[in-house]
Amino acid sequence: RMSVDRGGATTVEFALCVPIVFVMLFAGYELAHANLVQHATESAAYEAARVGIIPGASPSQLRDAASGILNSVGVSHFDLQADTGRNPDGTETIQIEIRVDFVQTSAALRFFPWSPRMRGRCELTREFL
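This write-up is about the structure you can find in this document. Owing to the predicted nature of the structure, the values given are computational and were not obtained by experimental measurement.

A word on the nonpolar core
Phase 1 of the analysis: If you look at the biggest cluster of nonpolar residues, it comprises 21 residues, and the most contacted ones within it are L70, V75, F78, I96, I98 and V100.
Phase 2 of the analysis: Elements with a minimum of two residues in this core: α1 (7–52), α2 (59–71), β2 (92–101) and β3 (117–125).
Phase 3 of the analysis: Looking at which element gives the most residues to this core, the answer is α1, with seven residues.
Phase 4 of the analysis: Contact partners of V75, with chain neighbours within four places excluded, come to V37, L70, V100, Q104 and T105.

Here's the deal with the packing of aromatic side chains
Phase 1 of the analysis: For the coordinates displayed, the defined rule picks out one aromatic pair.
Phase 2 of the analysis: One residue, R63, lies across the ring of F78, its end atom 4.2 Å from the ring centre.

A word on the pattern of salt bridges
Phase 1 of the analysis: Counted according to the given criterion, the structure contains five salt bridges.
Phase 2 of the analysis: Of the charged contacts, one joins R99 and E97 as a salt bridge, the two residues approaching to 3.3 Å between their closest N and O atoms.
Phase 3 of the analysis: One salt bridge connects D101 with R117, and the closest N-O pair in it is separated by 2.9 Å. With D101 in strand β2 and R117 in strand β3, the pair connects residues that are 16 residues apart, well separated along the chain.
Phase 4 of the analysis: Using a relative accessible area of 42% as the deciding quantity, one classes R117 as partly exposed.
Phase 5 of the analysis: Salt bridges sharing partners connect three or more residues here, namely D79, D101 and R117.

Considerations on a nonpolar patch on the surface
Phase 1 of the analysis: Side chains of V21, F22 and L25 sit close together on the surface and give an oily, nonpolar patch of about 320 Å² of accessible area.
Phase 2 of the analysis: Along the chain, the position of V21 falls in helix α1.
Phase 3 of the analysis: According to the relative accessible area criterion, V21 is partly exposed, its value standing at 44%.

Calculation criteria
- Residues numbered from 1 in each chain as written.
- Predicted model: local features only at pLDDT ≥ 70, side-chain atom pairs only at ≥ 80, totals over all residues.
- Heavy atoms only, no water.
- Core = buried A, V, L, I, M, F, W, Y, C linked by side-chain atoms within 4.5 Å.
- Buried < 20%, exposed > 50% of the residue type's maximum accessible area, 1.4 Å probe, protein only.
- Helix = DSSP H or I, 4+ residues; strand = E, 2+ residues; numbered from the N terminus.
- Contact = heavy atoms within 4.5 Å.
- Phe/Tyr/Trp six-rings, centres within 6.5 Å; stacked < 30°, edge-to-face > 60°.
- Lys NZ or Arg CZ within 6 Å of the ring centre and 35° of its normal.
- Salt bridge = Lys/Arg side-chain N within 4 Å of Asp/Glu carboxyl O.
- Patch = residues over 30% accessible without salt bridge, like charges linked within 9 Å, V, L, I, M, F, W, Y side chains within 5 Å.
- Areas by Shrake-Rupley, 256 points an atom, 1.4 Å probe, with all protein chains shown as cover.

This is how it looks when you write it as structure tokens:
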């Protein structure tokens, strides 16, 4: 038998497979990070609503409650909208909506012209003393 040198074929296979593996790993990382930011956005909306149900809560207190959670995942800029409403039974509610541009925390999406937005919402009934 003759020994066949396969060094060139191995190099070509490596050159073709490694970029695909890296893209898959990086995509997995980005999807996991997107899930983390989405969950943090929802948690921040809940925490801001918890602060908002207390009578006399200020908008800065709502923002501080939300930013405490969002800062832990690298989000420093977000939109917070707080609205009040009434349930059919007459109790007052507070609705919090937080929007985050995912592009500010993503490594890959900074190169794309569009930015997915994460949104967290929560509605709680106000407390009365």
